[in-house]
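The primary structure of each chain is shown beneath.
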Amino acid sequence: APRTVLISGCSSGIGLELAVQLAHDPRQRYQVVATMRDLGKKGTLEAAAGKALGQTLTVAQLDVCSDESVAQCLSCIQGGEVDVLVNNAGVGLVGPLEGLSLAAMQNVFDTNFFGAVRLVKAVLPGMKRRRQGHIVVVSSVMGLQGVVFNEVYAASKFAMEGFFESLAVQLLQFNIFISLVEPGPVVTEFEGKLLEQVSTAEFPGTDPDTLSYFRDLYLPASRELFHNVGQSPQDVAKVIVKVIGSARPPLRRQTNTRYTPLTALKAVDPSGSLYVRTSHRLLFRWPRLLKLGLRCLACSCFRTPVWPR
Ligand code: NAD
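Residues numbered from 1 in each chain as written. Predicted model: local features only at pLDDT ≥ 70, side-chain atom pairs only at ≥ 80, totals over all residues. Heavy atoms only, no water.

(A) Structural context of the overall build of the chain. Secondary structure assignment for the chain yields eleven helices and seven strands. The C-alpha radius of gyration computed for the chain amounts to 20 Å, which stays within 12% of the reference 19 Å derived for 309 residues, consistent with globular compactness. With the principal axes as the frame, the chain shows a C-alpha extent of 60 × 40 × 35 Å. Evaluated residue by residue, the chain yields a buried proportion of 49% over its 309 residues. The contacts in the chain between residues at least 6 apart in sequence include a share of 77% that link residues at least 24 apart. Just so you have it, the chain exposes about 15400 Å², and 56% of that area is on carbon and sulfur atoms. Separation between the mean location of the 32 positive side-chain charges and that of the 25 negative ones in the chain comes to 9 Å. (Helix = DSSP H or I, 4+ residues; strand = E, 2+ residues; numbered from the N terminus. Rg over C-alpha atoms; globule rule 2.2 N^0.38 Å. Buried < 20%, exposed > 50% of the residue type's maximum accessible area, 1.4 Å probe, protein only. Contact = heavy atoms within 4.5 Å. Areas by Shrake-Rupley, 256 points an atom, 1.4 Å probe, with all protein chains shown as cover. Lys, Arg positive; Asp, Glu negative; His and termini not counted. Charge placed at Lys NZ, Arg CZ, Asp CG, Glu CD.)

What follows is the structure, encoded as structure tokens:
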């Protein structure tokens, strides 16, 4: 029988692509429940799903921040059984800390961290009873290492990494697997809009030096990074499809080999100083070198994956 896959945040980006790719699986291994907070936005997904709509893909409402919404969604799934849960819904937050509200920060944790925890709590009893299941988490390379001006977003992804790595140990005993997928920069509409918005945002209470570091150094570097090493949501979804299809799913999987030279900086120096100092130098001392470095990454000077596959 096909495996029921429930995915959160499918109105756009990675979630939408993943839902469509799984629904078009040539071996029809999956029954996809593609969920989104606002069903008014289902048009793009339905168009992309084409003939799969109503066959191997159904669309359902799900707000990961609401207990009622989660309960309602699961009650509509036949038998309430979810074989594969993909925690994809997420929000970003970028900018100087002093200019961000606590409420905005809490929203990031409510969505990215507690949203995933809420869904896991809801599907876990069924998975444990059936002694099978797979929980996939769309984390980020920012779940592995912090990135300047992304403190709260990175913290929310670190929280996910710690939570799910801890849970993975117990769940192995129930034949339930956990996979943290860690994309680098992904070019989605969302990212472009976010960068546009923050370039004109005020960030009240922030000193002029910090504002200038953010606007004049970080934002251009970030645009450059997305331009040079950004992946498409399609490519990220392809990696997740492989992870879901594998007999022994990995605990961690990075999706972008062009980004691995940066994540490797942390892996080769457990003290953490190499990564922090290199990031600092690239941003504040050698912005030109950053441009060059990113070009090199893009030109595949470092194409050879650092991690053996
Ligand atoms: P996206 O904005 O297109 O997708 C995120 C989706 O989550 C949106 O459809 C949004 O409506 C949904 N969402 C937000 N709050 C929700 C809620 N309360 N309930 C249900 N859905 C909600 O961007 P994306 O890049 O496709 O992001 C998908 C995941 O990938 C996120 O977890 C994000 O953190 C992660 N990620 C993104 C990037 C990137 O550069 N874009 C990089 C690494 C990881």
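(B) Seen up close, the packing of aromatic side chains. Taken as a whole and judged by the stated rule, the model has eight aromatic pairs. Where Phe163 meets Phe164, the ring centres are 4.9 Å apart and the plane angle is 80°; that geometry is what we call edge-to-face. Taking 5.6 Å as the distance between ring centres and 10° as the angle between the ring planes, the aromatic pair formed by Phe214 and Tyr218 counts as stacked. Here Phe214 pairs with Tyr218, and both are found in helix α7 (residues 208–229), just four residues apart, close to one helical turn. (Phe/Tyr/Trp six-rings, centres within 6.5 Å; stacked < 30°, edge-to-face > 60°.)

(C) Up close: the site of the ligand. By nearness alone, 28 residues border the ligand, and Ser12, Ile14, Asn88, Tyr153 and Val186 come closest of all. Note that an oxygen atom of the ligand is positioned 3.0 Å from one of the side-chain N or O atoms of Ser11. The backbone of Asn88 places a nitrogen or oxygen atom 2.8 Å from an oxygen atom of the ligand. Burial of the ligand by the surrounding chains reaches 92%, relative to a free accessible area of 820 Å². Broken down by secondary-structure element, the contributors of at least two residues to the shell around the ligand are α1 (13–23), α5 (151–172) and α6 (189–200). Along the lines of polarity and charge, the residues of the shell around the ligand split into 13 nonpolar, eleven polar and four charged. (Near = heavy atom within 4 Å. Polar contact = N/O pair within 3.5 Å; in protein donor to acceptor, adjacent residues only side chain to side chain. Nonpolar A, V, L, I, M, F, W, Y, C, P; charged D, E, K, R; others polar.)

(D) Fine view of unusual backbone geometry. Within the chain, Arg131 stands out as a residue other than glycine whose phi angle is a positive 55°. Relative to the elements of secondary structure, Arg131 occurs in the loop between α4 (102–130) and β5 (133–138). Positive phi values are uncommon outside glycine, yet Phe149 reaches one of about 65°. Assignment of secondary structure puts Phe149 in the loop between β5 and α5.

(E) Expanded view of the pattern of salt bridges. All chains considered together, the criterion is met by eight salt bridges. Residue Glu81 pairs with Arg130 through a salt bridge whose shortest N-O separation is 4.0 Å. Placement of the pair is Glu81 in the loop between α3 (67–75) and β4 (84–87) and Arg130 in helix α4, with a sequence separation of 49 residues. Here Glu81 falls in the partly exposed class, since its relative accessible area comes to 36%. (Salt bridge = Lys/Arg side-chain N within 4 Å of Asp/Glu carboxyl O.)

(F) Just the environment of Ser222, in detail. Locating Ser222 in the fold gives a position in helix α7. A relative accessible area of 6% places Ser222 in the buried class. Sequence separation between Ser222 and Pro185 is 37 residues, and the spatial gap between their C-alpha atoms is 9.2 Å.

(G) Summary view of the nonpolar core. Membership of the largest hydrophobic core comes to 30 residues, with the highest contact counts inside it found for Leu6, Leu85, Ile135 and Phe164. Elements with a minimum of two residues in this core: α3, α4, β5, α5 and β6 (176–182). Residue contributions to this core peak at eight residues, all from α4. Leave out the neighbours within four places in its chain, and Leu85 touches Leu6, Leu119, Val120, Val123, Met127, His134, Ile135 and Val136. Core analysis: the next-biggest nonpolar cluster, separate from the first, contains 29 residues, Val5, Ile14, Val236 and Val241 among them. (Core = buried A, V, L, I, M, F, W, Y, C linked by side-chain atoms within 4.5 Å.)

(H) Fine view of the confidence of the model for the chain. Averaged over the chain, the pLDDT score is 92; the fraction of residues at 70 or greater is 92%. The model gives residues 300–309 a pLDDT under 50, and that stretch makes 18 contacts with residues more than four places away or in other chains. (pLDDT = per-residue confidence, 0-100.)

(I) Examining the packing of α4 against α5 more closely. Packing of α4 against α5 brings their axes to within 8 Å, and their N-to-C directions diverge by 15°. Taken together, the axes of α4 and α5 lie roughly parallel to each other. Viewed along their axes, α4 and α5 form a crossing whose handedness is right-handed. On the side of α4, the interface is formed by Met105, Val108, Phe109, Asn112, Phe113, Ala116, Val117, Val120, Leu124 and Lys128, while α5 contributes Val152, Tyr153, Ala155, Ser156, Lys157, Ala159, Met160, Phe163, Phe164, Leu167, Gln170 and Leu171. (Axes fitted to C-alpha atoms, helices over the stretch in contact; angles between N-to-C directions. Parallel < 35°, antiparallel > 145°, perpendicular 65-115°, else oblique. Left-handed = near helix turned anticlockwise from the far one by under 90°.)

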